[in-house]
Amino acid sequence: MAAAPLRIGIAGLGTVGTSVIRMLAEKSTELERQCGRAITPVAVSARNRNRDRGIDLSGFEWFDDPVELAASPKIDVFVELIGGDNGPAFSAVKAALEAGKHVVTANKALLSRHGVELAEIAEANGLLLNYEAAVAGGIPVIKTLREALAGNTVSRVYGILNGTCNYILTRMEAEGLSFQECLREAQRLGYAEADPTFDIEGHDTAHKLSILTSLAFGCEISADDIYLEGISNITPADIKAAANLGYRIKLLGVAQRTESGIEQRVHPTMVPTSSVIAQVHGVTNAVAIETDMLGELLLSGPGAGGNATASAVIGDLADIAKSRPGFQHGPVFGRPAKELAPYQRARMRAHEGGYFIRLTVHDRLGVFASIAKRMADNEISLESIVQHGDDVDLKTVILVTHETTELAVRNAVEQITQDGILADKPQVIRIERAA
Ligand SMILES: NC(=O)C1=CN([C@@H]2O[C@H](COP(=O)(O)OP(=O)(O)OC[C@H]3O[C@@H](n4cnc5c(N)ncnc54)[C@H](O)[C@@H]3O)[C@@H](O)[C@H]2O)C=CC1
Ligand SMILES: N[C@@H](CC=O)C(=O)O
Ligand code: NA
């Protein structure tokens, strides 16, 4: 006798929700063959019942309230595709787990804030809380860290985790388009968050990084302990200067074990143009994982967009469809939520690396020498210092440092600012030579 279909309720019918419904219909035969049972959407919830989404919703029961859908006896699995770290997404996921439903979510903001609490409920009730779509879209990085790398000791995990930012930086560099133009296009293509500030100011990357950190290092999720800088201050002049020096600018999320704790940082980063990560273009994401047994593993693929994200959601649903009642599921974040170690933060000031510093200065005698002196005072060794500009009053000075500390660079830039020689805000971009 064929197993009963897995009945799913989907809340959120935007870019991802509509793609999931479309793909489940298109792939239903193949999925049933693979899972031994059908995966059948039976009910949906969204804000606007009458909006034309290009899909037929007539066969599904409609719920105005996603929390009511989450707890409905008519579903086995609740799929949360609303977004947001609080509000209806949180209430609905919690209600689903408390009502004994498995959950699939693409919501990294939610997991970053409430992941451990929700994992405790899921684990106490023997339920699956699956979230492959939440980090790096279609790339199976959650499964890789949680399952395939069991036993490995991770020393560093880093990558390009936001499709919108990588799309913007790629098109600005390749086609000379404006930041705003590229952002609008990323929104049109369904890559950006409902509030794109989350993308361009780095919050989305931080949410994803915090989840990877927990999986990689077995610690609690701590999104508030991430050094954060977005890409909104990156100018065409920075992109051009980087290219002239043999670098490309990417928004990276980096988590690494250091002597004083775990360093988590998100910021625009200059990577060598010849590096693999520099070849990751457009909406593509990449995640590098360094471990004792494996060396470096690099995963890359589509990080945003309806179909790529639906692929991860459907993979999670298939895992639930294949699981059997009574089977003890693995922990949500790789080890039981109650046993995750407290997060121990490494100080950003102790971070060591190379730095690109762009200064706009008044063209006065001695300016160049005074900048070089401030660098020397802070024991910063320079790889290069170059002055550009045809303007009679203003010049651009570009410095590239050898490995130094964040503290030394902050002190030097602060002193240069106090010297009163700058005509504009200084620009500092970290360099990751080993990316
Ligand atoms: N768009 C993408 O490429 C990716 C998105 N995600 C995540 O997937 C989730 C959904 O993203 P998108 O589909 O892009 O968002 P969207 O903004 O296109 O769709 C959100 C949907 O949620 C519905 N909604 C909002 N408030 C609601 C409420 N109170 N009750 C019921 N429905 C409500 C809206 O009506 C809309 O249908 C978010 O958590 C996002 O971060 C994850 C990976 C990629
Ligand atoms: N807004 C996000 C969507 C996927 O997580 C991105 O651009 O990467
Ligand atoms: Na993923």
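Above: the structure in question.
Keep in mind the model is a prediction, meaning the values are calculated, not measured.

J.: I'd like a rundown of the site of ligand 2, residues and numbers included.
T.: Around ligand 2, the structure places Lys108, Asn162, Gly163, Thr164, Tyr191, Ala192, Glu193, Asp199, Asp204, Lys208, Gly303 and Ala304. In this structure, a nitrogen atom belonging to ligand 2 sits 2.7 Å away from a main-chain N or O atom of Tyr191. The side chain of Lys208 places a nitrogen or oxygen atom 2.8 Å from an oxygen atom of ligand 2. A total of 250 Å² of accessible area belongs to ligand 2 in isolation, and the protein chains cover 93% of it. Residue composition of the shell around ligand 2, grouped by class: 3 nonpolar, 4 polar and 5 charged.

J.: Run through the site of ligand 1, naming residues and quoting values.
T.: In the region of ligand 1, 22 residues are neighbours, and Leu13, Val16, Gly190, Glu193 and Gly305 sit closest. Contacts to ligand 1 include Arg47, whose backbone N or O atom sits 3.3 Å from an oxygen atom. Residue Gly190 places a main-chain N or O atom 3.0 Å away from a nitrogen atom belonging to ligand 1. When isolated, ligand 1 has an accessible area of 840 Å², and the protein chains bury 86% of it.

J.: Can you lay out the coordination of the sodium ion (ligand 3) for me, pointing to particular residues and giving the numbers?
T.: Only Glu132 (O), Glu132 (OE), Val135 (O), Gly137 (O) and Ile139 (O) from the protein reach the sodium ion (ligand 3) as donors, at distances of 2.3 to 2.6 Å. Between the donor residues of the sodium ion (ligand 3), the gaps in sequence give the motif E-x2-V-x1-G-x1-I. Here Ile139 falls in the buried class, since its relative accessible area comes to 3%.

J.: Could you give me a rundown of helix α12 (residues 306-322), with the residues and numbers involved?
T.: Under the 1.5 Å per step criterion, the end-to-end length of α12 is 24 Å for 17 residues, consistent within 8% with the ideal 24 Å. Taken together, the buried positions of α12 are Gly306, Ala308, Thr309, Ala310, Ala312, Val313, Ile314, Asp316, Leu317, Ala318, Ile320 and Ala321.

Basis of the calculations
Residues numbered from 1 in each chain as written. Chains lettered and ligands numbered in written order. Predicted model: local features only at pLDDT ≥ 70, side-chain atom pairs only at ≥ 80, totals over all residues. Heavy atoms only, no water. Near = heavy atom within 4 Å. Polar contact = N/O pair within 3.5 Å; in protein donor to acceptor, adjacent residues only side chain to side chain. Areas by Shrake-Rupley, 256 points an atom, 1.4 Å probe, with all protein chains shown as cover. Nonpolar A, V, L, I, M, F, W, Y, C, P; charged D, E, K, R; others polar. Donors = N, O, S within 2.8 Å, 3.2 Å for Na, K, Ca; no water. Buried < 20%, exposed > 50% of the residue type's maximum accessible area, 1.4 Å probe, protein only. Helix = DSSP H or I, 4+ residues; strand = E, 2+ residues; numbered from the N terminus. Expected span 1.5 Å × (residues − 1).

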